[in-house]
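# Results of the structural survey
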Amino acid sequence: MKKRIAIITAGELPIPPVKGGAVENLIYNFAKMASQNQDFLIDIYGIGNEEIELSNVKMKYFTSNLYLKFITIPPRIRNKFKFNPYLLYVCRCLKNVNYDYVVVENRFSYLSSIRKCTNATICLHMHNSHLQPYKVEKDKAIDNCDMIIAVSEFIKNEIIYNYPKAKSKTIVWYNGVDIYKFSKTVPEERIQNIRDKYKIKSEDKVIAYTGRIIEEKGVLELVKSFQQVKISTDYECKLMLIGSSWYSDMVGMTDYQKRVFAESQKYEDAVIFTGYIDNDILPEYLAVADILVYPSLWNEPFGLTIVEGMSTGKPVVSIAKGGISEIYALCGTLTQNMLVSIEQDDSDIVDLISEKILLVLNNNSYNKKNCEQIASMQKYFSKERYYQRAKEIFD
């Protein structure tokens, strides 16, 4: 008999992921794989209003003006409220369906309420590293779930360090990406169209970053590194920053974005801000780049954008923070040489990033597609492997 699974999203962004969101894309890709393979019956709880036609998958949408106001409250305050309109809706539904598994995406604060509503195996799917705030509530939450699923060994180890009693019920489920979408050849005409749009010459070397332009992602440090590269090489270089301050519906610039923009003005014509780019066409933008850089300064839980970047076969520069090292460890030497190793002090990070970029520019080994790197991504982090792991977990 097929296992019946409820996936409880955080409720901030819709599925399908029309406004972006790494977790939302992950859930939707899993739903599509489940529909194709027919192994599970899946209900996805979240916000939205779009009908999706996936067999064995149903959307359980919740929308209300009250809830839209509720989610504008900062999480540190919101998570302490006992009243959550979306959670109340979820609990009402859970009481009426006999699920085998209930998977709660990243919301430890939901677990106590959900535990009272179902006899299912409750799984907390942890996508981030924020384990210290609300420690009392999280300690209670761990008692109210049967399984904790971490997106990396780094997150798993951090959970066990903070909550030793969770060791026996914590496992790893690596995120999965549509590797083919990012590794396939993009038509030259489309690449040229993007180059023309942003006035990128054929001889220009393009360094690209994808993701939110926020402080912990190290974008300001990347801009400063780019400035060093500009004065250290004879190549004409462009820096393409692909992303916005948050997701696709953000308007205006944050204070941090203003700082990044002001720094970029030192080489005004060389730094390109694309704004939010939908994930479906992101591979076309990555195809324009010669080097991809993801300079996260925080302990990245996993590094989904890094896997997407590596799936292109291009050189990818990043920092050994959090779960990022796990991705590089599964690749060959050529890829591992792109990882910046640093101590607790980040003071040299600008120099270290620029050194890696210059290494790529001056080494012909990085001029061709790294097929070994793509093969590693396919083996460990593909959507197919992600789905196979789901079958092992929800057996």
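Residues numbered from 1 in each chain as written. Predicted model: local features only at pLDDT ≥ 70, side-chain atom pairs only at ≥ 80, totals over all residues. Heavy atoms only, no water.

### Focus on the sheet that holds strand 1 (residues 3–8)
Keep this limit in mind: Any two strands between which DSSP finds at least two bridges are classified as paired. Helix and strand assignments follow DSSP, with helices taken as H or I runs no shorter than four residues and strands as E runs no shorter than two, numbered in order from the N terminus. Simply put, an axis is a line fit to the C-alpha atoms, just over the touching stretch for a helix, and the angle between two N-to-C directions goes from 0 to 180 degrees. We call two residues contacting when some pair of their heavy atoms lies within 4.5 Å.
With respect to topology, 7 strands assemble into an open sheet ordered 3-2-1-4-5-6-7, the strand pairing being parallel. Two strands close off the open sheet at either side, each with one partner strand: strand 3 (57–61) and strand 7 (170–172). Going from strand to strand, the sheet's axes swing by 20° on average, the running direction of each strand aside. Judged from the 4 bridges that link them, strand 5 (residues 121–126) and strand 6 (residues 147–150) form a sheet pairing that is parallel. Bridge pairing links leucine 124 to isoleucine 148 in strand 6. Relative to strand 2 (residues 40–46), helix 1 (residues 22–37) is tilted by about 155°, and along the sheet it contacts strand 1, strand 2, strand 3 and strand 4 (101–105).

### As for the packing of helix 1 against helix 18 (residues 383–393)
Our working rule: Oblique is the label for any angle not covered by the other classes, which are roughly parallel (under 35 degrees), roughly antiparallel (over 145) and roughly perpendicular (65 to 115). Here the nonpolar group is Ala, Val, Leu, Ile, Met, Phe, Trp, Tyr, Cys and Pro; Asp, Glu, Lys and Arg are the charged ones; every other residue, Gly included, is treated as polar.
Running from N to C, helix 1 and helix 18 cross one another at 75°; their axes reach a closest spacing of 10 Å. In terms of orientation, helix 1 lies roughly perpendicular with respect to helix 18. Contacts between helix 1 and helix 18 involve Leu26, Phe30, Met33, Ala34 and Asn37 on the former and, on the latter, Lys383, Glu384, Tyr386, Tyr387 and Ala390. Grouping the constituent residues of the contact of helix 1 with helix 18 by class yields 7 nonpolar, 1 polar and 2 charged.

### As for the environment of tyrosine 89
Rule in force here: N or O atoms closer than or at 3.5 Å make up a polar contact, with two conditions inside protein: a donor-capable atom paired with an acceptor-capable one, and, for residues adjacent in sequence, both atoms drawn from side chains.
Topologically, tyrosine 89 is positioned in helix 4 (residues 85–94). When the C-alpha positions of tyrosine 89 and threonine 63 are compared, they lie 9.9 Å apart, and in sequence the two are 26 residues distant. Discounting chain neighbours no more than four positions away, the residues touching tyrosine 89 are Tyr45, Lys60, Tyr61 and Phe62. At 3.4 Å, the side chain of tyrosine 89 forms a polar contact with the backbone oxygen of tyrosine 61.

### Quick notes on the packing of helix 10 (residues 219–232) against helix 16 (residues 349–361)
How two helices pack is summed up by the angle between their axes together with the distance between the axes. Formally: By convention, the crossing between two helices is left-handed when the near helix turns anticlockwise from the far helix through less than a right angle, and right-handed when the turn is clockwise.
At a minimum axis distance of 8 Å, the contact between helix 10 and helix 16 shows a crossing angle of 50°. Put simply, helix 10 runs oblique to helix 16. Both helix 10 and helix 16 take part in a crossing whose hand is right-handed. Mapping the contact onto sequence places Glu221, Leu222, Lys224, Ser225, Gln228, Val229 and Ser232 in helix 10 and Ile349, Val350, Asp351, Ile353, Ser354, Ile357, Leu358 and Leu361 in helix 16.

### A closer look at the sheet that holds strand 9 (residues 237–242)
Taken in spatial order, the 6 strands line up as 10-9-8-11-12-13 in an open sheet, and their pairing is parallel. One side of each edge strand has no neighbouring strand; the edge strands of this open sheet are strand 10 (271–275) and strand 13 (339–340). Where strand 9 and strand 10 come together, 4 bridges link them in parallel fashion. If you follow isoleucine 242 over to strand 10, its bridge partner there is glycine 275. This element, helix 16, spans strand 8 (205–210), strand 9, strand 11 (291–294), strand 12 (316–319) and strand 13 of the sheet and lies at about 160° to strand 11.

### Concerning the pattern of salt bridges
Cut-off, in case you're wondering: Take a side-chain nitrogen of Lys or Arg and a carboxyl oxygen of Asp or Glu: if they are within 4 Å of each other, that pair is a salt bridge. Between buried and exposed lies partly exposed: a residue is buried under 20% and exposed over 50% of the maximum accessible area for its type, with that area taken using a 1.4 Å probe on protein chains only.
Under the criterion given, the structure shown has 11 salt bridges. A salt bridge links aspartate 146 to arginine 115, with the shortest nitrogen-to-oxygen separation between them at 3.1 Å. Here aspartate 146, found in the loop between helix 6 (135–143) and strand 6, pairs with arginine 115, found in helix 5 (residues 111–115); they are 31 residues apart in sequence, far enough to count as distant. The class for aspartate 146 is partly exposed, based on a relative accessible area of 39%.

### With respect to the side chain of lysine 238
The line we're drawing: Lys and Arg are tallied as positive, Asp and Glu as negative. Neither His nor the chain termini are counted.
Summarising the element assignment, lysine 238 is placed in strand 9. Here lysine 238 is buried and forms no salt bridge, its nearest opposite-charge partner aspartate 204 lying at an N-O distance of 4.4 Å. In this structure the side chain of lysine 238 is engaged in a polar contact, spanning 2.9 Å, whose partner is the backbone oxygen of aspartate 269. Each residue touching lysine 238, except ones within four places of it in the same chain, is listed here: Lys199, Ile200, Asp204, Lys205, Val206, Ile207, Phe226, Asp269, Ala270 and Ile272.

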